[in-house]
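# Survey of secondary and tertiary structure
One-letter residues, chain by chain:
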Amino acid sequence: MSDAGRVTDGTERFEADAVARGLDVEIVEHLEAQNLAELADLLSVQPGEIVKSLVVKRHDGNFLFALVPGGRQISWPKLRAVVGVNKLRMSDDEMAHDATGYRRGVTPIGSTTAWPVVADERIVGRRIAVGAGTAGRIAFVDADALVAAYGATVTDISAEESPH
C-alpha cells in the first residue's frame, strides 16, 4: 500500500482497524505513569490485565507481536520453541516503528503490517488493556476477541519478571 493511501496517524489507524476487525474497544486517556503498578492503579485494574505488545524480530528480518501480561517478560526459550526458530530478538524503538508505524502505544491493532501474533495464555478470558497507537492512550478489549481477530497463537511464552 502506498503512503498516500495509508492512514498514517496512529490513533486513526488503531480505530479503523478495530472497527474493520469487529473489535469492541474502549479507549481511555490516561496520565503518564512511572511504572506498571501506578498505571494499574490509574486504570483500576490488576497489573496482569495490562498487556505489553512486544515487537520481536525474527532471524529472517520479519517480525511478530508477543503479547505478555504486566509483571511478566518474554521467556525466550519458550517463544523460540513456539515460533520454531533458534534466533529471535527484541526490536529497538526504531525497528518497532518501522515494523508497526507506531512510536508509542504499540499494538497489533492498526499496525501498518499485520505481523503474526503470539499471545501468552495468561491473557485469555480477560478484559485487557493494550496500547492504543499513541502515547497517553490505553484501549480495553476482550482478550479472546483480540486473539480471534488476529488468529493469534495462544501458549505459554512468559516468565515472571526478574527484580531489577
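These figures come from a predicted structure and were not determined experimentally.

With mixed pairing, the 5 strands of this open sheet are ordered in space as β5-β2-β3-β6-β9. Lying at the two open borders of the sheet, with one neighbouring strand each, are β5 (88-90) and β9 (153-155). Across the sheet, the mean angle from the axis of one strand to that of its neighbour is 30 degrees, orientation sign disregarded. Examined bridge by bridge, strand β2 (residues 51-58) and strand β3 (residues 63-69) share 7 bridges and lie antiparallel to one another.

Time to look at the sheet that holds strand β7 (residues 127-131). If you walk across this open sheet you meet the 3 strands as β1-β8-β7, and the pairing is antiparallel. With partners counted over all chains shown, the strands left at the sheet margins are β1 (26-29) and β7, one partner each. Across the sheet, the axes of successive neighbouring strands diverge by a mean angle of 30 degrees, strand direction being ignored. Direction of pairing for β7 relative to strand β8 (residues 137-142): antiparallel, over a ladder of 5 bridges. Bridge pairing links I128 to V141 in β8. Where helix α1 (residues 10-20) meets the sheet, its contacts fall on β1, β7 and β8, and the angle it forms with β8 comes to roughly 10 degrees. Packing against the sheet, helix α5 (residues 143-150) makes contact with β7 and β8, and its axis sits at approximately 85 degrees to β8.

Tallying each qualifying case throughout the model produces 10 salt bridges. Between E15 and R137 there is a salt bridge, with the nearest N and O atoms lying 2.9 Å from each other. In this pair, E15 is assigned in helix α1 and R137 in strand β8, connecting sequence segments 122 residues apart. On the accessibility criterion, E15 (34% relative accessible area) is partly exposed.

The subject of this paragraph is the side chain of R13. Here R13 lies in helix α1. On the basis of relative accessible area, R13 is assigned to the buried category, the value being 8%. At a separation of 3.2 Å, a polar atom in the side chain of R13 contacts the main-chain carbonyl oxygen of T100.

With that settled, the discussion passes to the nonpolar core. Nonpolar side chains tend toward joint burial in soluble globular proteins. Counting 28 residues, the largest nonpolar core has I109, I128 and L146 as its most contacted members. Only α1, β2, β3, α4 (93-100), β6 (117-120), β7, β8 and α5 provide two or more residues apiece to this core. Of the residues forming this core, the biggest block, 4 residues, is contributed by α5. Those residues within four positions of L146 in sequence are excluded, and the remaining contacts are L23, L67, I109, I128 and V141. V56, L64, V83 and V85 belong to the second largest nonpolar core, which has 12 residues in total.

Moving on, we get to the environment of M90. Within the secondary structure, M90 sits in strand β5. On the basis of relative accessible area, M90 is assigned to the partly exposed category, the value being 36%. Sequence separation between M90 and L64 is 26 residues, and the spatial gap between their C-alpha atoms is 10.0 Å. Ignoring sequence-local partners within four residues, the contact set of M90 consists of L54, V55, I74, W76 and M95.

Scoring rules and cut-offs
Residues numbered from 1 in each chain as written. Predicted model: local features only at pLDDT ≥ 70, side-chain atom pairs only at ≥ 80, totals over all residues. Heavy atoms only, no water. Pairing = 2+ DSSP bridges. Helix = DSSP H or I, 4+ residues; strand = E, 2+ residues; numbered from the N terminus. Axes fitted to C-alpha atoms, helices over the stretch in contact; angles between N-to-C directions. Contact = heavy atoms within 4.5 Å. Salt bridge = Lys/Arg side-chain N within 4 Å of Asp/Glu carboxyl O. Buried < 20%, exposed > 50% of the residue type's maximum accessible area, 1.4 Å probe, protein only. Polar contact = N/O pair within 3.5 Å; in protein donor to acceptor, adjacent residues only side chain to side chain. Core = buried A, V, L, I, M, F, W, Y, C linked by side-chain atoms within 4.5 Å.

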